[in-house]
Amino acid sequence: MNEPKYKRVVLKLSGEALAGGNEYGISQETLNSIAKQVEQVKDAGVDVAIVVGGGNIWRGVAGSAKGMDRATADYMGMLATVINSLALQDALENHGVDTRVQTAIEMRQIAEPYIRRKSIRHIEKGRVVIFAAGTGNPYFSTDTTAALRAAEVEAEVILMAKKVDGVFDSDPVQNPGAKMYKELSYIEVLNKGLGVMDSTAASLCMDNKIPLIVFNLNQEGNILKAVMGKAIGTYVGR
Ligand code: UDP
């Protein structure tokens, strides 16, 4: 087998990605498919860290739109990412992948607190580290968490798993004629207002020169293809 292009990656899974075909909750079938794909990538000798979202359970913005205090609603969102992280940990361990969950909000009975040096040590030992509770701060997103943690653990790329094939010029679900970009720069993402990630996350990636591959999670084997450097989805860099 060819050598992987990337030796260390951060995989960003949205909460939506865990819900499978459903709007809410966690699909066991999807968890198993993700676990199988992560196992393949580990077998190829790649270091993997995962950032999980929480949108399948709760989004802070939605709560605040209904009148809830924004920071409180965001803390609820961060707790949702912990639920998803535990579900993912369980699925990965069922596939024989050694994992640790590290959370940015301390809850010692459930997971380790986030300690950068410890994360790196786990990764070096071949464990998959799952970063839970986002950055630990309200008003941020798990996309920003992925950018931050990728910089902190010196990952070479962020693999952003979506339900669609890549980044399009308009919503491919609404508009069947939408065109997919093969390559973009972060400044184009920001200027065109493309909904790849929020602007805080895009700026952090741009400033720290962390490339991003946006790809379809529903096609099994795509995570491996991405780490092997096969041209899938949309590459965002420069
Ligand atoms: N969140 C937050 N700070 C963070 C990360 C997440 O406050 O650093 C909250 C925020 O309310 C967000 C929710 O957690 O809506 C779930 O995260 P996100 O929306 O990024 O999940 P995804 O869209 O990836 O499922």
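Remember, predicted model here, so these are calculated numbers, not experimental data.

Taken in spatial order, the nine strands make up an open sheet running β4-β3-β5-β2-β1-β6-β10-β11-β9, and their pairing is mixed. Each of the sheet's edge strands pairs with one partner strand only, and the pair in question is β4 (112-113) and β9 (183-185). In this structure, strand β3 (residues 99-103) lies alongside strand β5 (residues 128-132), joined through five bridges in parallel fashion. Bridging across to β5, T99 finds its partner in V128. Strand contacts of helix α5 (residues 116-124): β2 (47-52), β3, β4 and β5, with the helix running at about 150° to β5, the strand carrying the most contacts.

This next bit is on helix α8 (residues 199-207). For α8, the complete set of buried residues consists of A201, A202, L204, C205 and M206. For α8, the elements touching its buried residues are α6 (142-152), β6 (157-162), α7 (186-192) and β10 (212-216). Immediately downstream of α8, the backbone of K209 shows phi near 55°, a positive value.

Further remarks concern the site of the ligand. The environment of the ligand is formed by 23 residues, the closest being G53, G55, G60, G77 and G134. Elements that contribute at least two residues to the shell around the ligand include exactly α1 (15-18), α3 (60-65), α4 (70-94) and α6. Top element by residues in the shell around the ligand is α4. It accounts for five residues. A class-by-class count of the residues in the shell around the ligand yields five nonpolar, 14 polar and four charged.

This brings us to the packing of α6 against α8. Helix-helix packing: each pair is described by the crossing angle between the helix axes and the interaxial distance. Taken N-terminus to C-terminus, the directions of α6 and α8 make an angle of 15°; their axes are 8 Å apart at the nearest point. Here α8 runs roughly parallel to α6, going by the angle between their axes. For the crossing formed where α6 meets α8, the hand is left-handed. For the pair formed by α6 and α8, the contact residues are D143, T144, A147 and L148 on the first element and T200, A201, L204 and C205 on the second. A per-class count over the contact of α6 with α8 returns five nonpolar, two polar and one charged.

This next bit is on the pairing of β5. A regular strand carries its side chains on alternate faces of the sheet. Burial of β5 is extensive: five of the five residues sit out of reach of the surface. Every second residue of β5 is oriented toward a common face, with V128, I130 and A132 on one face and V129 and F131 on the other, all of them buried. Note that β2 and β5 share three bridges and pair parallel. Pairing of A49 across the sheet is with V129, part of β5.

This paragraph deals with the UniProt feature "binding site: ATP" (unreviewed entry) in the protein. Taken from the UniProt record, the annotation "binding site: ATP" (unreviewed entry) applies to K12, L13, S14, G15, G55, R59, F168 and D171. Look at the named residues: they lie 160 residues apart in sequence, and the longest C-alpha span between them is 23.8 Å, so in the fold they stay spread out. Residue placement: L13 occurs in strand β1 (residues 8-13). Take L13: there are 27 C-beta atoms within 10 Å of it, and that puts it in the buried class. Look past the residues within four positions of L13 in its chain and what remains in contact with it is L18, I34, I50, V52, G53 and A161. Assignment of secondary structure puts S14 in the loop between β1 and α1. Exposure remark for S14: the 22 C-beta atoms within 10 Å place this residue in the buried category.

Phi angles above zero are rare outside glycine, and A133 is one such case at about 65°. Along the chain, A133 falls in the loop between β5 and α6. C-beta crowding within 10 Å serves as the criterion here: with 28 such atoms nearby, A133 is assigned to the buried category.

Let us look at the UniProt feature "binding site: UMP" (unreviewed entry) in the protein. Using the residue numbers shown here, the UniProt feature "binding site: UMP" (unreviewed entry) corresponds to G54, D74, T135, G136, N137, P138, Y139, F140, S141 and T142. These residues run over 89 residues, yet every pair of their C-alpha atoms falls within 14.2 Å of each other. Summarising the element assignment, P138 is placed in the loop between β5 and α6. P138 sits in the partly exposed class, given 18 other C-beta atoms within 10 Å.

About the criteria used
- Residues numbered from 1 in each chain as written.
- Predicted model: local features only at pLDDT ≥ 70, side-chain atom pairs only at ≥ 80, totals over all residues.
- Pairing = 2+ DSSP bridges.
- Helix = DSSP H or I, 4+ residues; strand = E, 2+ residues; numbered from the N terminus.
- Contact = placed C-beta atoms within 7 Å.
- Axes fitted to C-alpha atoms, helices over the stretch in contact; angles between N-to-C directions.
- Buried ≥ 20, exposed ≤ 12 C-beta atoms within 10 Å, placed from the backbone.
- Near = placed C-beta within 6 Å.
- Nonpolar A, V, L, I, M, F, W, Y, C, P; charged D, E, K, R; others polar.
- Parallel < 35°, antiparallel > 145°, perpendicular 65-115°, else oblique.
- Left-handed = near helix turned anticlockwise from the far one by under 90°.
- UniProt positions renumbered as here; feature names shortened; annotations may be inferred.

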